[in-house]
Amino acid sequence: MSLREDELTRLRPLVAAEAAAEAVSGGIEAADLEQAVWLRLLELAVPPSDPARWLRAAVRREVREAARRVRRELRYAPGREPVADRGPSVEEQVLGAEQRAAVHAAVERLPGRCPQVVTALMSRSDPTYQEISRELGISQGSIGPLRSRCLGCLRSILKSGVASPVRRGKAR
């Protein structure tokens, strides 16, 4: 069972627009992204119940997968063997983990609904405002202003946390 031709024709502009928008930040050409998404759709054994939603999510998945592939690929220098990208050093990994822990701790200290909103925005699943709106029960139009206020609070918490010296195991 597959989607009818008229449904595919109706979805074509959506896929093209989503691919063009995501390709800008994903480092992949829009046409390649679009082709990969159509291929994933055709590979499905059962068509999705909501094809438009599935296609939007598929575009985002393909962009993330393309970014992972780019990070794993080997650089080629003419006349030399391919060089594997070593990635961050152990020290950089530890510092990154400490920074992430500090951000997560600061997010928990945010007032009101800010912890939920910022956590949703930081999610690896890359939710849209519409998905966040449904999940948190907030109107979609208020997420942007709320996000802005929450990030302002987060900045001030992080600045104050960085500026306060730690002496003899006690924070000032």
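Residues numbered from 1 in each chain as written. Predicted model: local features only at pLDDT ≥ 70, side-chain atom pairs only at ≥ 80, totals over all residues. Heavy atoms only, no water.

Chemist: Any chance you could explain the environment of P115 here in plain terms?
Modeler: Summarising the element assignment, P115 is placed in helix α5 (residues 114–121). Here P115 is in contact with V107, E108 and L110, once residues within four sequence places are set aside. (Helix = DSSP H or I, 4+ residues; strand = E, 2+ residues; numbered from the N terminus. Contact = heavy atoms within 4.5 Å.)

Chemist: Help me understand the confidence of the model for the chain in this model?
Modeler: Note that predicted coordinates carrying low pLDDT should not be read in detail. Averaged over all residues, the pLDDT of the chain is 82; the fraction at 70 or higher stands at 84%. Averaged pLDDT values for the elements of the chain fall to 42 in strand β1 (residues 166–167) and rise to 92 in α5. (pLDDT = per-residue confidence, 0-100.)

Chemist: I keep staring at the packing of α5 against helix α6 (residues 129–136) and nothing clicks. Help me out?
Modeler: When two helices pack together, you describe them by how their axes are tilted relative to each other and by the distance separating the axes. Where α5 meets α6, the axes come as close as 11 Å, and the angle between the chain directions of the two elements is 140°. Relative to α6, the element α5 lies oblique. With respect to the hand of their crossing, α5 and α6 are arranged in right-handed fashion. In contact with Q116, V117, A120 and L121 of α5, α6 contributes Y129, I132 and L136. Considered class by class, the residues forming the contact of α5 with α6 number 6 nonpolar, 1 polar and no charged. (Axes fitted to C-alpha atoms, helices over the stretch in contact; angles between N-to-C directions. Parallel < 35°, antiparallel > 145°, perpendicular 65-115°, else oblique. Left-handed = near helix turned anticlockwise from the far one by under 90°. Nonpolar A, V, L, I, M, F, W, Y, C, P; charged D, E, K, R; others polar.)

Chemist: Teacher, can you tell me more about the packing of aromatic side chains here?
Modeler: Aromatic rings considered in pairs are described by the distance between their centres and by the relative angle of their planes. Counted under the stated rule, the structure contains 0 aromatic pairs. In this structure, R61 is placed above the aromatic ring of W54, and the distance from its NZ or CZ to the ring centre is 5.6 Å. (Phe/Tyr/Trp six-rings, centres within 6.5 Å; stacked < 30°, edge-to-face > 60°. Lys NZ or Arg CZ within 6 Å of the ring centre and 35° of its normal.)

Chemist: For this particular structure, what's the right way to read unusual backbone geometry?
Modeler: With glycine set apart, most residues show a phi of negative sign, and most peptide bonds adopt trans. Residues other than glycine seldom take positive phi values, yet D126 does so here, at roughly 55°. With respect to the helices and strands, D126 occurs in the loop between α5 and α6.

Chemist: Help me out: how do you make sense of the nonpolar core in this one?
Modeler: In summary, soluble globular proteins display a tendency toward joint burial of nonpolar side chains. Counting residues in each nonpolar core, the largest one holds 18 residues, and the members touching the most others are L11, L33, V37, L41 and L55. Put simply, the parts of the chain that give this core at least two residues each are α1 (5–26), α2 (30–43) and α3 (51–72). Tallying contributions element by element places α3 first for this core, with 7 residues. Counting 15 residues, the second largest nonpolar core, distinct from the first, contains A106, V117, A120 and L136. (Core = buried A, V, L, I, M, F, W, Y, C linked by side-chain atoms within 4.5 Å. Buried < 20%, exposed > 50% of the residue type's maximum accessible area, 1.4 Å probe, protein only.)

Chemist: Just to check I follow, could you spell out the side chain of S133 for this structure?
Modeler: Mapping S133 onto the fold places it in helix α6. Excluding residues within four positions of it along the chain, S133 makes contact with I138, S139, Q140 and I143.

Chemist: What am I meant to see in the pattern of salt bridges here?
Modeler: According to the stated counting rule, one finds 4 salt bridges in the structure shown. Residue E62 pairs with R40 through a salt bridge whose shortest N-O separation is 2.9 Å. In this pair, E62 is assigned in helix α3 and R40 in helix α2, connecting sequence segments 22 residues apart. Overall, the relative accessible area of 9% leaves E62 in the buried class. Residue classification places R40 among the partly exposed residues on the basis of a relative accessible area of 34%. (Salt bridge = Lys/Arg side-chain N within 4 Å of Asp/Glu carboxyl O.)

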